[in-house]
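# What the coordinates show
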Amino acid sequence: ETGVTQTPRHLVMGMTNKKSLKCEQHLGHNAMYWYKQSAKKPLELMFVYSLEERVENNSVPSRFSPECPNSSHLFLHLHTLQPEDSALYLCASSQSRGDQPQHFGDGTRLSIL
Amino acid sequence: GENVEQHPSTLSVQEGDSAVIKCTYSDSASNYFPWYKQELGKRPQLIIDIRSNVGEKKDQRIAVTLNKTAKHFSLHITETQPEDSAVYFCAASKGSSNTGKLIFGQGTTLQVKP
């Protein structure tokens, strides 16, 4: 399934770098999500966009800045990250209803030096 | 706050045996319960879901049961095969919400031994 595409697949960056993660969905969905997946922890919801409007910001530090220019694209801008931010960042999309399945991308494996 | 507890954290079974994973949720307003399978290095993939107006749902070797009174739901895999080995996540959300916010359990690592 290639409905949700994330780039890059791997990213290594220093704490002072600025980088962006990209997500694109080809499923005609109108909601998109960013999740953080760390070892030994459940999937943590970071942001939700519905119809290009941010509807959820789950107490995420300001060093993570999301952007949703249209219903097919979602970005996560990264700046001044900490070592504990190293994780797998997953993007997902769904129809904008709570009882619809979410489809995930392959994720970006982020390592902070 | 909203919480989903998942047990066990690891499960090892012999090929051909059944596997059961259980989840408990805290928000009684939750009414949508998907299960995801994540193989090593791959994306989580939806394998089955259930809505609160149904008590049980089956798809070939996989079934999910829901007990709304007790606020728990379970995944049942019969005739397990080595390719069933993966991490399984349960989740819960409120279907009436328009944000699709899923609360995930901690995950169960299932190992099926040949």
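Scroll up to find the structure this text is about.
A short tour of the structure in this document, coming up. The structure displayed is predicted, hence computed values, not measured ones. (Residues numbered from 1 in each chain as written. Chains lettered and ligands numbered in written order. Predicted model: local features only at pLDDT ≥ 70, side-chain atom pairs only at ≥ 80, totals over all residues. Heavy atoms only, no water.)

## Re the overall build of chain A
Scanning chain A from terminus to terminus reveals 0 helices and 11 strands. Counted from the first residue to the last, chain A has its helices and strands arranged as β-β-β-β-β-β-β-β-β-β-β. The C-alpha atoms of chain A give 13 Å as radius of gyration, which agrees with the globular expectation for 113 residues (13 Å, within 12%). Split into buried and exposed, the 113 residues of chain A put 48% on the buried side. Excluding contacts between residues fewer than 6 apart, the proportion of contacts in chain A whose partners are at least 24 apart in sequence is 53%. Of the roughly 5,200 Å² that chain A leaves accessible, carbon and sulfur atoms contribute 48%. When the 11 basic and 11 acidic side-chain charges of chain A are each reduced to a single mean position, those positions are 8 Å apart. (Helix = DSSP H or I, 4+ residues; strand = E, 2+ residues; numbered from the N terminus. Rg over C-alpha atoms; globule rule 2.2 N^0.38 Å. Buried < 20%, exposed > 50% of the residue type's maximum accessible area, 1.4 Å probe, protein only. Contact = heavy atoms within 4.5 Å. Areas by Shrake-Rupley, 256 points an atom, 1.4 Å probe, with all protein chains shown as cover. Lys, Arg positive; Asp, Glu negative; His and termini not counted. Charge placed at Lys NZ, Arg CZ, Asp CG, Glu CD.)

## Quick word on the overall build of chain B
Counting secondary structure elements, chain B contains 0 helices and 11 strands. Tracing chain B from N to C terminus, the helices and strands come up as β-β-β-β-β-β-β-β-β-β-β. Taking 114 residues into account, the globule formula puts the C-alpha radius of gyration at 13 Å, and chain B, at 14 Å, falls close to it. Counting only C-alpha atoms and orienting by the principal axes, one finds that chain B spans roughly 45 × 30 × 20 Å. Residue burial in chain B is summarised as follows: out of 114 residues, 45% are buried. Sequence separation of at least 24 residues holds for 55% of the intrachain contacts in chain B that already meet a minimum separation of 6. Of the accessible surface of chain B, which amounts to about 5,600 Å², a share of 46% is contributed by carbon and sulfur atoms. Across chain B, 13 positive and 12 negative side-chain charges occur, with their mean positions spaced 6 Å apart.

Keep in mind that these numbers describe shape and distance, not what the molecule does.
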